Amino acid sequence: MTFYLYGSLAIFFSTVFYPANEPTAAVLISVATFATGFVVCPLGALLFGSIGDRVGRKNTF
């Protein structure tokens, strides 16, 4: 759900968080940020999921 929401609002976020004088670069950076989160999320789930199984969820947080 979060990725769908961010992907839908990527053009809006590009004008808010990145330099407005280069709109094309801002949109590309916004999409690259989205792609980075999309790739890293499963890796974090694998890492912290295994730690959570061994140590416990509270201690992992």
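Everything that follows concerns the structure shown earlier in this document.
A brief report on the enclosed structure follows. (Residues numbered from 1 in each chain as written. Predicted model: local features only at pLDDT ≥ 70, side-chain atom pairs only at ≥ 80, totals over all residues. Heavy atoms only, no water.)

### Some details on the overall build of the chain
Then, in step 1: Each helix and strand counted, the chain has 4 helices and 0 strands in total.
Then, in step 2: Taken from the N to the C terminus, the helices and strands of the chain come in the order α-α-α-α.
Then, in step 3: Here the C-alpha atoms of the chain give a radius of gyration of 16 Å, more than 25% beyond the 10 Å that 2.2 N^0.38 yields for 61 residues.
Then, in step 4: Judged by the C-alpha coordinates and their principal axes, the chain covers about 50 × 20 × 15 Å.
Then, in step 5: Here the chain holds 61 residues, and 10% of them are scored as buried.
Then, in step 6: Total accessible area computed for the chain in this model is approximately 5,000 Å², and 73% of it derives from carbon and sulfur atoms. (Helix = DSSP H or I, 4+ residues; strand = E, 2+ residues; numbered from the N terminus. Rg over C-alpha atoms; globule rule 2.2 N^0.38 Å. Buried < 20%, exposed > 50% of the residue type's maximum accessible area, 1.4 Å probe, protein only. Areas by Shrake-Rupley, 256 points an atom, 1.4 Å probe, with all protein chains shown as cover.)

### A look at the packing of helix H2 (residues 10–17) against helix H3 (residues 23–55)
Then, in step 1: The geometry of H2 relative to H3 is characterised by a closest axis approach of 8 Å and an angle of 115° between their N-to-C directions. Every pair of crossing elements has a handedness; the one defined by H2 and H3 is right-handed. Residues Ala10, Phe13 and Ser14 of H2 form the contact with H3, whose own contacting residues are Ala26, Val27 and Ser30.
Then, in step 2: Considering only residue class, the contact of H2 with H3 consists of 4 nonpolar, 2 polar and no charged. (Axes fitted to C-alpha atoms, helices over the stretch in contact; angles between N-to-C directions. Left-handed = near helix turned anticlockwise from the far one by under 90°. Contact = heavy atoms within 4.5 Å. Nonpolar A, V, L, I, M, F, W, Y, C, P; charged D, E, K, R; others polar.)

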